[in-house]
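In case you want the letters, here they are:
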Amino acid sequence: MSLQDLFQPRIAMVAGETSGDLLAGLLLDGMQQQWPGVSSYGIGGPCMQQRGFEALWPSERLAVHGYSFEVLIRLWDILSIRKQLRARLLQDRPDVFVGVDAPDFNLGLEQDLRAAGIKTVHFVCPSIWAWRPERIHKIRAAADHVLCLFPFEPDLLAQHDIAATYVGHPLAQVIPMEPDRAAARTRLGLEQDKPVLALLPGSRRAEVQYIAKPFMQAAALLKQEFPDLQVVLPAVPALHERLTALSHELQVASWLKIVKGQSHDVLAACDCTLIASGTATLEAALFKRPMVIAYNMHPWSYKLMQRKQLQPWVGLPNILCSDFVVPELLQDQATPRALADAIAQWLDHSEHARAKVKTIQARFTALHHSLFRDTPQLSAHAIQKILSP
């Protein structure tokens, strides 16, 4: 047995929010295959903890909404966590630090650790191709290597002398190419022969404040037009009580089915989804579901984000397809009436509407194939090369 076979690295990781926790969990799968005795610790959520990850702080402590205003409210807590973690990692040095997404938190931390001689990997290239291109300089200083989810990103980073590997998008491996709608409806207790609308208002607390209410109000308008419509909302456990209270306040609780988690079952079961911009829109695309993408945030945050935006699209499916494949209703456009009218087009049974749905499904299938790779294995191999002397 070689020394390499005996080597079992200690991996420090930080993943923010639900999507980062899922990505990091899949990365841990690959590392545990590569090194069965690997140990991991840092900031993470339930997906990571199920794989033996030691969470010094939960991922949700880093979850914020917007670009500036909301972040300021939480700034001191987040900076305190980063300071404590940095001190611990510099004292008890890991073999490699992997920052999973959360670039505002991770890039600065990675830069400090790298300067101290600790190998650093950033998993998920910040979307410099969509907004905030100035981040490229910080990425170059922070990361020894970047693991990219999209095929065009390594070439873009190479232009700036940043080493990177395309590892595919792990969601493309997790989500089946042909989702089983009937089985998902059975698991959720939904009727098979009636239409299903999924509401996905996001996983952050402030998103509930800004978008959950108009989502529920839009669903109420749609129920008037489509009485048989079944509406399901998958809530992250921390927000389940708050969303349930809102459903009672808006008098939609009698027909709105709120479930804990199960977002993939809900997306598999639905005919279409009203969804907040973010990673969940890519999940919906991989489930081949028509959608209406919406977002609303504090006006100051929105104005600042607009100044940094480089592309006309906000939703990942539209960005990756370079086209307005599905509607986007942002900020003041995201009224209950407008959202309901946009969703109604996907629920229409006309020949034109059915043809449009088939076109959407074909484009999303092609997108799925382009993103499908063995992400855990490719990521672990890239990290192994970084750790090799």
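Residues numbered from 1 in each chain as written. Predicted model: local features only at pLDDT ≥ 70, side-chain atom pairs only at ≥ 80, totals over all residues. Heavy atoms only, no water.

Let us now look at the overall build of the protein. For the protein, the helix and strand inventory stands at 18 helices and 13 strands. Each of the 389 residues in the protein was classed as buried or not, and the buried ones make up 52%. Sequence-distant contacts, at least 24 apart, represent 69% of the contacts inside the protein between residues at least 6 apart. (Helix = DSSP H or I, 4+ residues; strand = E, 2+ residues; numbered from the N terminus. Buried < 20%, exposed > 50% of the residue type's maximum accessible area, 1.4 Å probe, protein only. Contact = heavy atoms within 4.5 Å.)

Our next topic: helix 11 (residues 237-249). When the terminal C-alpha atoms of helix 11 are compared, their 19 Å separation across 13 residues agrees well with the 18 Å that a helix rising 1.5 Å per residue should span. Listed as buried for helix 11 are Leu239, His240, Leu243, Leu246 and Ser247. Buried residues of helix 11 fall within an arc of 140 degrees about the axis and therefore sit on the same side. Facing away from the buried surface of helix 11 by more than 90 degrees, the exposed residues are Glu241, His248 and Glu249. Phi turns positive, to about 60 degrees, at Gln251, one or two residues after helix 11. (Expected span 1.5 Å × (residues − 1). Arc of directions from axis to C-beta.)

Opposite charge on two side chains makes pairing possible when the charged atoms of those side chains draw close. Evaluated as defined, the whole model comprises 11 salt bridges. For Asp77, the salt bridge is made with Arg61, and the minimal N-O distance between the two is 2.8 Å. Taken as a pair, Asp77 in helix 4 (residues 69-91) and Arg61 in the loop between strand 3 (54-58) and helix 4 lie far apart in primary sequence, 16 residues in all. In this structure, the salt-bridge partner of Asp271 is Arg185, at a minimum N-O distance of 2.8 Å. (Salt bridge = Lys/Arg side-chain N within 4 Å of Asp/Glu carboxyl O.)

Below, the discussion takes up the environment of Arg181. For Arg181, the location among the structural elements is in helix 9 (residues 181-188). Sequence separation between Arg181 and Asp271 is 90 residues; the distance between their C-alpha atoms is 8.8 Å. Setting aside residues up to four positions removed in sequence, Arg181 forms contacts with Ala268, Ala269, Cys270, Asp271 and Arg289.

As a further point, take the sheet that holds strand 10 (residues 256-260). Read across the open sheet, the 6 strands follow the order 10-9-8-11-12-13; overall the sheet is parallel. Either end of the sheet is taken by a strand with one partner, and the two such strands are strand 10 and strand 13 (328-330). Put simply, the sheet's adjacent strands are angled 20 degrees from each other on average, direction ignored. Where strand 11 (residues 272-276) and strand 12 (residues 291-295) come together, 4 bridges link them in parallel fashion. Within strand 12, the position partnered with Leu274 by the bridge is Val292. (Pairing = 2+ DSSP bridges. Axes fitted to C-alpha atoms, helices over the stretch in contact; angles between N-to-C directions.)

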